[in-house]
Amino acid sequence: MVLGRVSMPAAFRIPGFAGLWVSGSLASFSRVVIQIALSWITLEVTGSPFMVGVVGAARMAPQLVFGIPAGALADSMDRRLMIVLANGSCVGLLLASIALALGGLLSAPMLILMSALFGIVDTVRMSASQAYAYDLVRSTRATSGMALSNLGGQLFSMLGGLAGGYALAGLGGPVTLAGVAVAVLVAIAALYLGGAAAPVEKVVRDGAPAEGRPAGRRTGVDLRRALTLVTRKPILAILALSIILAEIFGFATQTLLPTFARDVFEVGAAGLGVMMATRAAGGSLGLLVLSRLGAEGRSGVIFVSTAGLFGLALLLFTLSPTYELALVLLAISGFGASVMDTLGQTLLQRNADERERGAAMGLWVFSVGFGPVGHLALGAGADAFGAPATQAVSGVMLMIVAAGMALHAPLRRAR
């Protein structure tokens, strides 16, 4: 398979890429299983779709608070080390969750707290890992390389959806979380055994590193510059706004899936796992297509188009008369979501200065951190009007957002 300017075998010969790919894939596996476990346990404990939304919001709220600082930190320290430390913290939280579950202490407040702590881990890990992936693949093949990197996450998310749903239904929460802890430990090992870290270029005479290379000599955390990034780079501001709105009206609809599984299609926890896996399968296909196309020179157009596809699929999903057709539409929504997500990450880094790519990914994490607004609103809407009506409105709103994005010429022309 050819990925734009880099073949798949060649990509895995890049020092450090194989280790990052395996590590990131297992991190995605763990993230999905934890999400399924927390959402399903919350629904069983409280019986409220709104509380599922609250727990989902708590998982994402740290991204809003810590996203930009974490990105600035990624510009000042070893990004691979940041990923390892985040994964180690995740193992500790999983062990604590198992102990709480065995002790019958996973009440609604405790679920919210644990979800927020997992969210802090996600924030640090995402800020460092996407910038580190760009370090490895270089700017000239960033779209294809990052699509391949994210493809592993999608494939393992699909596996996590299936394994998490069935494990939760058959083995219970503690055993399921113990399996996740093992997966994260393997992720830590893979990052060190899979190859050397990205090389660091020496700073050249004008103080800027060579094109496409990781930043040179590290300096202290420059939080002020990170916080003013959008004021200095207008295209980054419009990209961030687009990501925020897509997160609220599109990605946050995942909080409705447990309700669809239990009350609409009546397929239980195992069926919820299948739904999560199907969405990830569609996302995997989207990344394969993106990898083949490369999207060089037309990233902005594809970014806008897939936002519209994402919204349309969400709307049609709510109108599906059968579970099987709903799965097909869920796969289409996953296709649009994954392509939009990867292009958002790539466009932010490509349009930022080389030394601020960590800050650019912190801006992405910050933008994704607005997801709690969507989780809370959709959870409340599902309680009041039902999950189908709530998601239908979200799908329509996302299509309106895509139409507005299409009218912004600099975004359409973004590379």
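Residues numbered from 1 in each chain as written. Predicted model: local features only at pLDDT ≥ 70, side-chain atom pairs only at ≥ 80, totals over all residues. Heavy atoms only, no water.

**Q** How should the environment of Ser 284 be read in this particular structure?
**A** If you trace the backbone, Ser 284 turns up in helix 12 (residues 268-293). When the C-alpha atoms of Ser 284 and Leu 155 are compared, they prove to be 6.0 Å apart, with 129 residues separating the residues in sequence. (Helix = DSSP H or I, 4+ residues; strand = E, 2+ residues; numbered from the N terminus.)

**Q** Can you walk me through empty space enclosed by the protein in this structure?
**A** Space left empty within the atom packing is revealed by a probe, the size of a water molecule, rolled over the atoms. Under the definition given, this model contains four cavities of 30 Å³ or more. Estimates place the volume of the second largest cavity at around 60 Å³. What lines the second largest cavity is Ile 243, Ala 246, Glu 247, Phe 251, Met 340, Asp 341, Gly 344, Trp 364 and Val 368. When contributions to the lining of the second largest cavity are tallied by element, the ones reaching two or more residues are helix 10 (234-249), helix 14 (323-350) and helix 15 (357-368). Of the residues contributing to the lining of the second largest cavity, the split by class is six nonpolar, one polar and two charged. (1 Å grid on protein atoms, 1.4 Å probe; cavity = no way out; pocket = protein on both sides within 12 Å on 5 of 7 lines; lining within 4 Å. Points joined across faces, edges and corners; volume = space filled by probe spheres on them. Nonpolar A, V, L, I, M, F, W, Y, C, P; charged D, E, K, R; others polar.)

**Q** Mind showing me how you'd approach the pattern of salt bridges here?
**A** Where charged atoms from two side chains of opposite charge approach closely, those side chains can pair. Overall, the coordinates contain three salt bridges when judged by the stated rule. Residue Asp 122 is joined to Arg 125 by a salt bridge in which the shortest nitrogen-to-oxygen separation is 3.1 Å. Taken together, the residues Asp 122 and Arg 125, both in helix 5 (residues 108-137) and three residues apart, mark about one turn of the helix. Taken as a pair, Asp 122 and Arg 125 share a single burial class, namely buried. When salt bridges with common partners are traced through the structure, they connect Arg 59, Asp 122 and Arg 125 into a single cluster. (Salt bridge = Lys/Arg side-chain N within 4 Å of Asp/Glu carboxyl O. Buried < 20%, exposed > 50% of the residue type's maximum accessible area, 1.4 Å probe, protein only.)

**Q** Is there a simple way to explain the packing of helix 13 (residues 299-318) against helix 14 in this structure?
**A** One way to put it is that helix 13 packs onto helix 14 with a least axis distance of 8 Å and a crossing angle of 155°. By the angle between their axes, helix 13 is roughly antiparallel relative to helix 14. Like other packed secondary-structure pairs, helix 13 and helix 14 cross with a definite hand, here left-handed. (Axes fitted to C-alpha atoms, helices over the stretch in contact; angles between N-to-C directions. Parallel < 35°, antiparallel > 145°, perpendicular 65-115°, else oblique. Left-handed = near helix turned anticlockwise from the far one by under 90°.)

**Q** Is there a simple way to explain unusual backbone geometry in this structure?
**A** Across residues other than glycine, the phi torsion is negative in most instances, and most of the peptide bonds are trans. A positive phi is found at Glu 266, a non-glycine position, where the angle reads about 55°. Within the secondary structure, Glu 266 sits in the loop between helix 11 (257-264) and helix 12.

**Q** What exactly am I supposed to notice about a nonpolar patch on the surface here?
**A** A contiguous nonpolar surface patch, about 460 Å² in accessible area, is contributed by Leu 64, Val 65, Phe 66, Leu 113, Leu 117 and Ile 120. Within the residue set of the nonpolar patch, elements represented by two or more residues are helix 3 (49-74) and helix 5. Following the sequence through the fold, Phe 66 ends up in helix 3. Residue classification places Phe 66 among the partly exposed positions, given a relative accessible area of 40%. (Patch = residues over 30% accessible without salt bridge, like charges linked within 9 Å, V, L, I, M, F, W, Y side chains within 5 Å. Areas by Shrake-Rupley, 256 points an atom, 1.4 Å probe, with all protein chains shown as cover.)

**Q** What should I look at first to understand the confidence of the model for the protein chain in this one?
**A** In low-pLDDT segments, the atomic positions of the prediction should not be examined closely. Taken over all residues, the pLDDT of the protein chain has a mean of 80, while the share at 70 or more is 86%. Mean pLDDT values for the elements of the protein chain range from 40 in strand 1 (residues 2-3) up to 92 in helix 17 (residues 387-406). This stretch, residues 1-7, has a pLDDT under 50; its non-local contacts, to residues over four places away or in other chains, come to 22 contacts. Below pLDDT 50 for its whole length, residues 198-219 participates in 47 contacts with residues either more than four positions away or in separate chains. (pLDDT = per-residue confidence, 0-100. Contact = heavy atoms within 4.5 Å.)

**Q** Explain helix 14 here, please?
**A** In an α-helix, one turn spans 3.6 residues, which is why side chains three or four residues apart end up on the same side. The end-to-end C-alpha distance of helix 14, which contains 28 residues, comes to 40 Å, matching closely the 40 Å that a straight helix rising 1.5 Å per residue would cover. Within helix 14, 21 of the 28 residues are buried, which leaves it mostly tucked inside the rest of the structure. (Expected span 1.5 Å × (residues − 1).)

**Q** Looking at this model, I keep getting lost on the packing of aromatic side chains. Mind explaining?
**A** The geometry of an aromatic ring pair is captured by the separation of the ring centres together with the interplanar angle, meaning the angle of the planes. Enumeration according to the criterion identifies seven aromatic pairs in this entry. Taken together, a centroid distance of 6.3 Å and an interplanar angle of 90° make the contact between Trp 21 and Phe 156 edge-to-face. Taken together, the positions of Trp 21 in helix 2 (residues 17-46) and Phe 156 in helix 6 (residues 142-171) put the pair 135 residues apart, joining distant regions of the chain. With relative accessibility at 17%, the residue Trp 21 sits in the buried group. The partly exposed category is assigned to Phe 156, whose relative accessible area is 24%. In textbook terms, an aromatic cluster arises when at least three aromatic residues are bridged by ring pairs, as seen for Phe 260, Phe 265, Phe 317 and Tyr 323. (Phe/Tyr/Trp six-rings, centres within 6.5 Å; stacked < 30°, edge-to-face > 60°.)

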